[in-house]
Amino acid sequence: MPALAGTEYGKTPIRALLHMASGVAFHEVYDAPGDNGRLNSMLFGRNNPGPAQAVSMFNTREAPPDTRFNYAGVETEVLGLVVTAAVKMPLTEYLRTRIWQKMGAEADAAWTIDTTGQETAFCCVNAVLRDWARIG
């Protein structure tokens with residue numbers, strides 16, 4: 001992901017991101033101000049610098065990649081950027097053509113996008129229950 005070059009996430013192997021073991025400091029808490037709140041504010045705020053710049057603000061490594069699991073939504077946001085760059089299409093289009101249509105989804109799904117128009121890969125895909133069951 002060229003936009004993450006020179007950052008800790010840019011130095012993190014995809015395998016470590018898939019394992020949620022980047023080693024980058026990100027503290028996902030919901031009952032107090034946490035990093036996920038900071039990420040949401042950046043992505044959904046008026047001054048969104050773009051998703052690559054938003055995830056780049058988390059740039060301190062606490063552990064070597066792929067050595068320690070740490071649930072962090074930012075890692076799926078980074079993976080979403082990687083997939084988008086690799087397939088050269090929006091995540092919604094990729095999901096629709098590669099998974100949704102092929103599994104015979106009953107209804108369209110909706111994916112929340114940030115203020116720049118990028119899908120929020122760390123959350124917010126809405127679908128009918130029968131289609132979630134098809135995935136499960």
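Residues numbered from 1 in each chain as written. Predicted model: local features only at pLDDT ≥ 70, side-chain atom pairs only at ≥ 80, totals over all residues. Heavy atoms only, no water.

Novice: Quick question: what am I supposed to make of the packing of aromatic side chains here?
Specialist: Two aromatic rings, taken as a pair, are described by how far apart their centres are and by the angle between their planes. Scanning the entire structure with this criterion turns up one aromatic pair. Ring centres of Phe-26 and Phe-58 lie 4.8 Å apart, and the angle between their planes is 70 degrees; on these two criteria the pair is classed as edge-to-face. Of this pair, Phe-26 sits in the loop between helix H1 (14-18) and helix H2 (35-44) while Phe-58 sits in the loop between helix H3 (51-56) and helix H4 (73-87), and the two are 32 residues apart along the sequence. Owing to a relative accessible area of 1%, Phe-26 belongs among the buried residues under this scheme. (Phe/Tyr/Trp six-rings, centres within 6.5 Å; stacked < 30°, edge-to-face > 60°. Helix = DSSP H or I, 4+ residues; strand = E, 2+ residues; numbered from the N terminus. Buried < 20%, exposed > 50% of the residue type's maximum accessible area, 1.4 Å probe, protein only.)

Novice: Please clarify how the pattern of salt bridges should be interpreted in this entry.
Specialist: A pair can form between side chains of opposite charge whenever their charged atoms are brought close. In this structure the tally under the stated criterion is eight salt bridges. The residue Arg-15 makes a salt bridge to Asp-66 at a minimum N-O spacing of 3.8 Å. Here the residue Arg-15 occupies a position in helix H1, and Asp-66 occupies one in the loop between H3 and H4, the gap between them amounting to 51 residues. Taking the relative accessible area as the measure of exposure, Arg-15 reaches 57% and is therefore exposed. Ionic pairing is found between Arg-68 and Glu-62, a salt bridge with its closest N-O pair at 3.3 Å. (Salt bridge = Lys/Arg side-chain N within 4 Å of Asp/Glu carboxyl O.)

Novice: Just checking my understanding: could you explain the confidence of the model for the protein chain for this structure?
Specialist: A low pLDDT means the predicted coordinates there should not be read in detail. In this model, the protein chain carries a mean pLDDT of 94, and residues with pLDDT of at least 70 account for 100%. Per-residue pLDDT, averaged within each element of the protein chain, yields its smallest value for H2 (93) and its largest for H1 (97). (pLDDT = per-residue confidence, 0-100.)

Novice: Please explain the environment of Pro-33 as it appears in this structure.
Specialist: Tracing the backbone shows Pro-33 in the loop between H1 and H2. You can call Pro-33 exposed: its relative accessible area is 87%. Between the C-alpha atoms of Pro-33 and Thr-60, which are 27 residues apart in sequence, the distance is 18 Å.

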